[in-house]
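Spelled out from the first residue to the last, the chains are:
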Amino acid sequence: MRGRAIATRVLPTGGRNRGRSIATAARLLREGCLVAFPTETVYGLGAGVFNRRALERLFRVKGRPRDNPLIVHIWHLDQIWRLVETIPVMFWVLSERFWPGPLTLVLRKSRAVPDVVTAGLPTVAIRMPDHAVARALLKETGVPVAAPSANIAGRPSPTRASHVLEDLGGKIAAVLEGGASRIGVESTVLDISGRRPLLLRPGGTTREELEAALGMRVVSPRGSRLGPRSPGMKYRHYAPRAAMLLFEGGRPQVLAGMRSACRGLLRRGIRAGVLCEGSAASGFRGADVASLGGGGAERAARRLFTGLRMLDGRGVEVILCQGFPEERLGHALMNRLRKAAGRRIRC
Ligand code: TXA
Ligand code: MG
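Residues numbered from 1 in each chain as written. Chains lettered and ligands numbered in written order. Predicted model: local features only at pLDDT ≥ 70, side-chain atom pairs only at ≥ 80, totals over all residues. Heavy atoms only, no water.

Bringing the pairing of strand S13 (residues 288-291) into the picture now. Only one face of S13 is buried: it carries Asp-288 and Ala-290, and the other face, with Val-289 and Ser-291, is open. Summarising the sheet, strand S12 (residues 272-276) and S13 pair through four bridges and their orientation is parallel. Bridging from a neighbouring strand, Gly-273 pairs with Asp-288 of S13. (Buried < 20%, exposed > 50% of the residue type's maximum accessible area, 1.4 Å probe, protein only. Helix = DSSP H or I, 4+ residues; strand = E, 2+ residues; numbered from the N terminus. Pairing = 2+ DSSP bridges.)

Our focus in this paragraph is the state of the cysteines. Under the criterion given, the structure shown has zero disulfides. For Cys-276, which is in no disulfide, the shortest distance to another cysteine sulfur is to Cys-321 and amounts to 8.8 Å. Residue classification places Cys-276 among the buried positions, given a relative accessible area of 0%. (Disulfide = S-S within 2.5 Å.)

Here we come to the environment of Pro-12. If you trace the backbone, Pro-12 turns up in the loop between strand S1 (9-11) and helix H1 (17-30). Setting aside its immediate chain neighbours within four residues, Pro-12 contacts Asn-17, Arg-18, Ser-21 and Glu-177. (Contact = heavy atoms within 4.5 Å.)

Once that is clear, we can look at the side chain of Ser-181. Within the secondary structure layout, Ser-181 lies in the loop between strand S8 (174-176) and strand S9 (188-191). With sequence-adjacent residues up to four places away left out, Ser-181 is seen in contact with Thr-39, Glu-40, Thr-41, Val-42, Tyr-43, Thr-159 and Arg-302.

What follows concerns the pattern of salt bridges. Counting across every chain of the model gives 18 salt bridges. Close ionic contact of Arg-309 with Glu-166 constitutes a salt bridge, the shortest N to O distance being 2.8 Å. You can see Arg-309 sitting in helix H10 (residues 297-314) and its partner Glu-166 sitting in helix H6 (residues 161-168), a full 143 residues away along the chain. In this structure, Arg-346 engages Glu-248 in a salt bridge whose closest nitrogen and oxygen atoms are separated by 3.6 Å. Here Arg-346, found in strand S15 (residues 343-346), pairs with Glu-248, found in strand S11 (residues 243-248); they are 98 residues apart in sequence, far enough to count as distant. (Salt bridge = Lys/Arg side-chain N within 4 Å of Asp/Glu carboxyl O.)

Let us now look at the nonpolar core. Leu-45, Leu-94, Ile-126 and Leu-190 are the most contacted members of the largest nonpolar core, which has 44 residues in total. When residues of this core are traced back to their parent elements, those giving at least two are strand S3 (44-48), helix H2 (52-62), helix H3 (89-98), strand S5 (103-108), helix H4 (115-118), strand S6 (123-127), H6 and helix H7 (207-214). The element contributing the most residues to this core is H2, with five residues. Sequence-distant contacts of Leu-190, that is, excluding residues within four places in its chain, are made with Leu-94, Leu-103, Thr-104, Leu-105, Val-106, Pro-197, Leu-198, Leu-199, Leu-210 and Val-218. Formed by 28 residues, the second largest nonpolar core is a distinct cluster that contains Ala-300, Leu-304, Leu-329 and Leu-337. (Core = buried A, V, L, I, M, F, W, Y, C linked by side-chain atoms within 4.5 Å.)

In the contact formed by H1 and helix H5 (residues 132-141), the axes pass within 9 Å of each other and the chain directions differ by 50°. Our classification of the angle between H1 and H5 gives oblique. Helix-helix and strand crossings are classified by hand; for H1 and H5 the assignment is right-handed. Here H1 contributes Arg-18, Ile-22, Ala-23, Ala-25, Ala-26, Leu-29 and Arg-30 to the contact with H5, which in turn contributes Ala-132, Val-133, Ala-136, Leu-137, Glu-140 and Thr-141. By residue class, the composition of the contact of H1 with H5 is nine nonpolar, one polar and three charged. (Axes fitted to C-alpha atoms, helices over the stretch in contact; angles between N-to-C directions. Parallel < 35°, antiparallel > 145°, perpendicular 65-115°, else oblique. Left-handed = near helix turned anticlockwise from the far one by under 90°. Nonpolar A, V, L, I, M, F, W, Y, C, P; charged D, E, K, R; others polar.)

And the structure:
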């Protein structure tokens, strides 16, 4: 089977098509096929959580390292009993406040969850997405669905069905069409399997919100402890094909630095792309500009992966990217930008 192209079905979910498309996608998942679906963060590539062959195929088509575990998606709290061994008190506070939503909780796993899902870890990551199509699909499928982001490993995550087709067209059974993802960066991953909550990946739920709900500080594990705790964080991610430079510092200095770098590249005949807030776009004549919206990390997050893919599509050689303040969603945004960029420039 390896490498043979299959026809990837694009299943519309607008108006009268929704019921039929969801029924088809759920049937495909139950039959062991791979189906991509929209969520509020990014599109996921689903496989039934107890179907080992589908899970093996999922790792293969994404080119995902086997030591990087998957998030299990549910639509109803009743589904978690089968997946976990124990439930800490923190779980109730967090699920009540943030589910459905962009928060993934890491808990001690039950024996029912196959090792291929968790990459052999004693824990399992679980999330309840806040997207009508995802919820309807999970309900109709009837079993929890393991789903990483629906991109080739290392590429920018998909926030539209067309991004999924770019990376995985001809390799998966279907993609449910659900428009552009509302948040645009992935969920926050919070490990609550130990005594203190550990923030393994910043994402759509902010640290500030988590701390307010829990009434305690939420810290990220440092250095070497991160490796075994969240294997996914050690890989280069979100990378465009072009070389990418991230400019960090005060806004005026950042924009001035980007403008002068842009002029320098263009003078040498190098095709330059720019990712910056909309109001700054006019300062980059001669470059391909992808707007990150009208300012603020929330808007920028929503457009980030589309912008990276768009500039790659234009064939730029170097991408100059504006950094943002690390507040609220700015943490997740800067985390993705630093992983995507080969080099950071302090202005
Ligand atoms: O928003 C999202 O979370 C999206 C949508 C589709 O739900 N999914 C997503 O999946 O971003 P993925 O596979 O691209 O990222 C999953 C992250 C990785 O960093 C992985 O290492 C971590 O979650 N993870 C999964 N299981 C874990 C576990 N048991 N312990 C620690 N980290 C885990
Ligand atoms: Mg991913």
